[in-house]
Amino acid sequence: MIPAHWPVPLALFVAGFAVTLIVALRYLLTSGLFAWLTHRVRPGLYDGKRAQIGKEIRWSLMSAAIYGVPAGIVLWGWRKFGWTEITLAWDALPAWYWPVSVLIYLFAQDTWFYWSHRAMHRPRLFRLAHAVHHHSRPPTAWTAMSFHPIEAVSGALLIPLLVFLVPIHLSALATVLTVATVMGVTNHMGWEMFPRWLVHSRLGDWLITASHHERHHEDYQCNYALYFRFWDRLCGTDRGLSRRIVEAVGRAVPSPASVPAE
Ligand SMILES: [Zn+2]
Ligand SMILES: [Zn+2]
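A few points on the structure. (Residues numbered from 1 in each chain as written. Chains lettered and ligands numbered in written order. Predicted model: local features only at pLDDT ≥ 70, side-chain atom pairs only at ≥ 80, totals over all residues.)

### What about the overall build of the protein?
Argument step 1. The helix and strand inventory of the protein stands at eleven helices and two strands.
Argument step 2. If you list the helices and strands of the protein from N to C, you get α-α-β-α-α-α-α-β-α-α-α-α-α.
Argument step 3. Since a compact globule built from 262 residues should have a radius of gyration of about 18 Å, the 19 Å found for the protein is in line with a globular shape.
Argument step 4. Counting only C-alpha atoms, the protein reaches 60 × 40 × 40 Å along its principal axes.
Argument step 5. Of all 262 residues assigned to the protein, the portion counted as buried reaches 34%. (Helix = DSSP H or I, 4+ residues; strand = E, 2+ residues; numbered from the N terminus. Rg over C-alpha atoms; globule rule 2.2 N^0.38 Å. Buried ≥ 20, exposed ≤ 12 C-beta atoms within 10 Å, placed from the backbone.)

Shown next, in the form of structure tokens:
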């Protein structure tokens, strides 16, 4: 809590800094946890990747500040002036709306990500910004927030804007942020943590997990979305799952990375 009598510039600085720290810690703990798990279940998968992982962590910590500052400002305004449609009251919104609000936020994020990501694969924007994310070949559990600042800005503003438009309980928002964090990390970690019966099911055909996003890092011009395969299927950009991951299931050490074609 920031004391009400603090001057606005100091309050904004502290709010932005505090949320940056939270985002950075959330990244380090989540990526660290899944990197450790990777070491346990796929020993050797990240061998020889020290330099790549170092760069991924540096870009990700920079992204943490770019995500943290607008979120901190909006949270400060919410507590001080009642900005935003975020609520803490359990009776402010109907119970059925809780899961609906989570889905609205995830779908909005997914839609924004699909189109902005697809735009970032146009040659000029790719060279300028998105190439940083694709320097990870193949990605690791540390790649989740490895973005050039231009790309980080495009991802950082959506939720701080959505909270002004779409009512949500704070616990539902925390759920959205948890899904975003866990899927961001696990979709890059180089192996599938979800069971085959889910990944290869009717439901799995519409969900994005590591098997799907890895294919984007292999082939580039496909599989652009974040959580759902809706936009990729609708726009004909869904190319299915990564053979590297799907074929690696059941083996201790996956086959060497395929070199992606640009
Ligand atoms: Zn990626
Ligand atoms: Zn991409």
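### Some thoughts on helix H3 (residues 97–120)
Argument step 1. With 24 residues, H3 should reach 34 Å at 1.5 Å per residue; the first-to-last C-alpha distance of 34 Å fits that figure.
Argument step 2. Its buried side turned inward, H3 meets helix H4 (123–134), helix H5 (149–156), helix H6 (158–162), strand S2 (168–169), helix H7 (170–186) and helix H10 (230–234). (Expected span 1.5 Å × (residues − 1). Contact = placed C-beta atoms within 7 Å.)

### Observations regarding the nonpolar core
Argument step 1. Counting 37 residues, the largest nonpolar core has Val-23, Tyr-27, Ala-64, Tyr-67, Leu-75 and Met-189 as the members making the most contacts within it.
Argument step 2. Sorting the residues of this core by element identifies helix H1 (8–41), helix H2 (50–81), H5 and H7 as the ones contributing at least two each.
Argument step 3. Of the residues forming this core, the biggest block, nine residues, is contributed by H2.
Argument step 4. If sequence neighbours within four positions are ignored, Tyr-27 has contacts with Ser-60, Ala-64, Ala-144 and Met-145.
Argument step 5. Tyr-224, Leu-226, Tyr-227 and Trp-231 belong to the second-largest nonpolar core, a separate cluster that totals seven residues. (Core = buried A, V, L, I, M, F, W, Y, C linked by C-beta atoms within 7 Å.)

### Remarks on the environment of Ala-108
Argument step 1. Of note, Ala-108 is situated in helix H3.
Argument step 2. Residues Ala-108 and His-134, 26 residues apart in the sequence, show an inter-C-alpha distance of 24 Å.
Argument step 3. Aside from chain neighbours lying at most four places away, what touches Ala-108 is Leu-158 and Leu-162.

### Some points on the packing of H3 against H7
Argument step 1. At a minimum axis distance of 9 Å, the contact between H3 and H7 shows a crossing angle of 40 degrees. One finds that H3 runs oblique with respect to H7. Our pair here, H3 against H7, has a crossing hand that is right-handed. In this structure, H3 contributes Trp-98, Ser-101, Val-102, Tyr-105, Leu-106 and Gln-109 to the contact, and H7 contributes Ala-172, Thr-175, Val-176, Val-179 and Ala-180.
Argument step 2. For the contact of H3 with H7, the per-class residue count stands at eight nonpolar, three polar and no charged. (Axes fitted to C-alpha atoms, helices over the stretch in contact; angles between N-to-C directions. Parallel < 35°, antiparallel > 145°, perpendicular 65-115°, else oblique. Left-handed = near helix turned anticlockwise from the far one by under 90°. Nonpolar A, V, L, I, M, F, W, Y, C, P; charged D, E, K, R; others polar.)

### Structural notes on unusual backbone geometry
Argument step 1. The omega torsion across Arg-137 and Pro-138 is -15 degrees, close enough to zero to call that bond cis.
Argument step 2. Following the sequence through the fold, Pro-138 ends up in the loop between H4 and H5.
Argument step 3. Phi at Thr-84 is positive, roughly 75 degrees, even though this residue is not glycine.
Argument step 4. Along the polypeptide, Thr-84 turns up in the loop between H2 and strand S1 (86–87).

### Points about the packing of H2 against H5
The geometry of a pair of packed helices is captured by two quantities: the angle between their axes and the separation between those axes.
Argument step 1. Relative to each other, H2 and H5 sit at 30 degrees, their axes nearing to 9 Å. Here the hand of the crossing between H2 and H5 comes out right-handed. From H2, Met-62, Ser-63, Ile-66, Tyr-67 and Pro-70 reach across to H5, where they touch Pro-149, Ala-152, Val-153 and Ala-156.
Argument step 2. Taken together, the residues that form the contact of H2 with H5 break down as eight nonpolar, one polar and no charged.

### Comments concerning the environment of Val-182
Argument step 1. By the secondary structure assignment, Val-182 is in helix H7.
Argument step 2. With 151 residues separating them in the primary sequence, Val-182 and Ser-31 have C-alpha atoms 8.5 Å apart.

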